[in-house]
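Chains, contacts and geometry: an overview
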Amino acid sequence: MSRVTKLLHTRYRVNDLEKTVSFYRDVLGLEEVSRHKSPRGSELVFMKTPGSDELIELCHFPKSGPVQVQPDLTHLAFEVDDIEAFARQIEKKGWKLSDGPTKSSSGNVFAFIDAPEGYEIELIQKR
């Protein structure tokens, strides 16, 4: 029986590709892996976190209309080693946490930051 074996990437469509790439690279520390234009004309940028195989595909495709992200529709979650230090680091770059840090019953600490386009990013510090 054939089955799905691995999650390869998650796509987020965006209005401002360069602003979003800059956020993921300069604020979150992701690496740009590749960039190309799809056969239908989408501009695609693939980003990767250190220590993860899954990619984030940022897609700019104006022909399909503007992106309007509904609140609490979706988010990406990233592990960080120290949320307090990370929050101080991003604040120096002009970004602030939108919620948290909050300690969960499991001992993990989590917080959120609002990315460009209205997407939400969850940061998790494991206990």
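The notes below deal with the structure included here. A quick note: this is a predicted structure, and the numbers were derived from the prediction, not measured.

**Comments concerning the environment of aspartate 81**
Within the element layout of this structure, aspartate 81 appears in the loop between strand 5 (75-79) and helix 2 (83-91). Under the relative-accessibility criterion, aspartate 81 is labelled exposed at 73%. Between the C-alpha atom of aspartate 81 and that of lysine 126, which follows or precedes it by 45 residues, the distance is 7.5 Å.

**Overview of the environment of proline 66**
Within the secondary structure layout, proline 66 lies in the loop between strand 4 (55-60) and strand 5. Proline 66 sits 50 residues away from aspartate 16 along the chain, and the two C-alpha atoms are 10.0 Å apart.

**Brief notes about the environment of glutamate 43**
Looking at the element boundaries, glutamate 43 is found in strand 3 (residues 43-48). C-alpha of glutamate 43 to C-alpha of tryptophan 95: the two residues are 52 residues apart in sequence and 26 Å apart in space. Excluding anything up to four places from it in sequence, glutamate 43 contacts Leu17, His36, Lys37, Leu58, Cys59 and His60.

**Quick word on the sheet that holds strand 2 (residues 31-37)**
If you trace the 4 strands from one edge of the open sheet to the other, you get 1-4-3-2, paired in mixed fashion. Only two strands of the sheet have a single neighbouring strand rather than two, namely strand 1 (9-13) and strand 2. Sheet twist, expressed as the average angle between the axes of neighbouring strands with direction ignored, equals 20°. As paired elements, strand 2 and strand 3 share 6 bridges and run antiparallel to each other. Looking at strand 3, one finds that arginine 35 is bridged to valine 45.

Parameters at a glance
Residues numbered from 1 in each chain as written. Predicted model: local features only at pLDDT ≥ 70, side-chain atom pairs only at ≥ 80, totals over all residues. Heavy atoms only, no water. Helix = DSSP H or I, 4+ residues; strand = E, 2+ residues; numbered from the N terminus. Buried < 20%, exposed > 50% of the residue type's maximum accessible area, 1.4 Å probe, protein only. Contact = heavy atoms within 4.5 Å. Pairing = 2+ DSSP bridges. Axes fitted to C-alpha atoms, helices over the stretch in contact; angles between N-to-C directions.

Spatial relationships are all this shows, so hold off on functional conclusions.
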